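Given next are the chains, with one letter for each unit.
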Amino acid sequence: MRIVSLAPSATSILYAIGASHTLVGVTKWCTDVAPVGKLPRLGDCWHGDSIDEILRLKPTLVIGSVPYKKATVGKLLEQPFPFLAMNPRTLADIETDIRLLGGITQQWAAAETLVKKMRRAFSRIEKKTRRYKTRVRVYCEAWPNPRISSPPWVAELVNICGGEMVVPAGEKITDEQVAAASPDVIVLAWAATGKKADAKQAYKVMAWKDVPAIRTRNVYVIGDELLNTPGPPLIEGARELWKVLHSQNQNKQEKKKEITQRR
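Just so you know, these numbers come straight off a predicted model, no measurement behind them. (Residues numbered from 1 in each chain as written. Predicted model: local features only at pLDDT ≥ 70, side-chain atom pairs only at ≥ 80, totals over all residues. Heavy atoms only, no water.)

Draft legend 1. Looking closely at helix α1 (residues 8-16). Taken together, the buried positions of α1 are Ser 9, Ala 10, Thr 11, Ser 12, Ile 13 and Leu 14. Tucked inside the fold, the buried residues of α1 contact β1 (3-5), β2 (23-27), β4 (61-65), β5 (83-86), α4 (91-104) and α5 (108-129). Directly after α1, the chain includes Gly 18, whose backbone phi takes a positive value near 75 degrees. (Buried < 20%, exposed > 50% of the residue type's maximum accessible area, 1.4 Å probe, protein only. Helix = DSSP H or I, 4+ residues; strand = E, 2+ residues; numbered from the N terminus. Contact = heavy atoms within 4.5 Å.)

Structure, rendered in structure tokens:
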């Protein structure tokens, strides 16, 4: 097989299931989620500027994932290679994609092992969450302008970590909606920016001046690749999310511990 991956999620999955040898090209964003070495770097399903480069690699399969631009998908569908378009919304969808890629590359057992590994990691986090009775009200943001909330699988991770996503997931959101939802914590994971999301911008939004997360200075940045890559990187993303959501609880516990030790 000769696979060109235009999706970091697909690349991360193929590496995790031992199918990296099938890759002949990846998107430039894949370097954040897998050790792609010297593989050719191409565009993605939003920027359709790599069609000629893809053709030169003579792929037997090209894989893409969200976000899609209609014009780019149109160009890809005109080409002589098969195109697999993935569009996961939930953690269950991500498991389906893992099994699909496992089947395509004849790595069925490894794909199932990866699914179980992710489930175990999330289960361990969920167990830690049971110590805390109060759920944290959370707003996770995938893009600031227009304001877009994080995808549904992030809302599921928030729930696993002991939180509650207070706005609809994966939708355009107004400043007023966020203000009315009164999140205790705001998490910024802006797409294609790594850790460059700017927390200072959140503190400047006039409509948010009375939001609990703003008043208590609880705005955090998590690397884009850890929350917006629907694949193995979500394990580390969930761990980071848990730390953020429970930083206040941890601080309280540490202070209690200090007081007890002094006594």
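Draft legend 2. Broad picture of the pattern of salt bridges. Within the structure shown, the criterion is met by nine salt bridges. Across the pair Glu 95 and Arg 99 runs a salt bridge whose closest N-O atoms are separated by 4.0 Å. Placement of both Glu 95 and Arg 99 in helix α4 is noted, with a separation of four residues, approximately one turn of the helix. Given a relative accessible area of 34%, Arg 99 falls into the partly exposed group. The residue Glu 141 makes a salt bridge to Arg 147 at a minimum N-O spacing of 2.7 Å. (Salt bridge = Lys/Arg side-chain N within 4 Å of Asp/Glu carboxyl O.)

Draft legend 3. Layout of the confidence of the model for the chain. Averaged over all residues, the pLDDT of the chain equals 92, while 94% of them reach at least 70. Predicted confidence for residues 251-263 stays below pLDDT 50, and this span has one contact to residues more than four positions away or in other chains. (pLDDT = per-residue confidence, 0-100.)

Draft legend 4. Region of interest: the packing of α5 against helix α11 (residues 234-245). Relative to each other, α5 and α11 sit at 10 degrees, their axes nearing to 10 Å. Classed by the angle they form, the pair α5 and α11 counts as roughly parallel. Along the contact surface, α5 presents Lys 117, Met 118, Ala 121, Phe 122, Arg 124, Ile 125, Lys 128 and Thr 129, while α11 presents Leu 234, Ile 235, Ala 238, Arg 239 and Trp 242. A class-by-class count of the residues in the contact of α5 with α11 yields eight nonpolar, one polar and four charged. (Axes fitted to C-alpha atoms, helices over the stretch in contact; angles between N-to-C directions. Parallel < 35°, antiparallel > 145°, perpendicular 65-115°, else oblique. Nonpolar A, V, L, I, M, F, W, Y, C, P; charged D, E, K, R; others polar.)

Draft legend 5. Spatial organisation of the layout of surface pockets. Volume-wise, the largest pocket comes out at about 1,000 Å³. Contributing to the lining of the largest pocket are 33 residues, with Val 66, Pro 67, Ala 191, Ala 192 and Asn 228 lying nearest its centre. Of all elements in the fold, only α1, β6 (136-144), β7 (147-149), α6 (152-160) and α10 (224-227) reach the threshold of two or more residues within the lining of the largest pocket. Looking at the lining of the largest pocket residue by residue, the class counts come to 19 nonpolar, nine polar and five charged. (1 Å grid on protein atoms, 1.4 Å probe; cavity = no way out; pocket = protein on both sides within 12 Å on 5 of 7 lines; lining within 4 Å. Points joined across faces, edges and corners; volume = space filled by probe spheres on them.)

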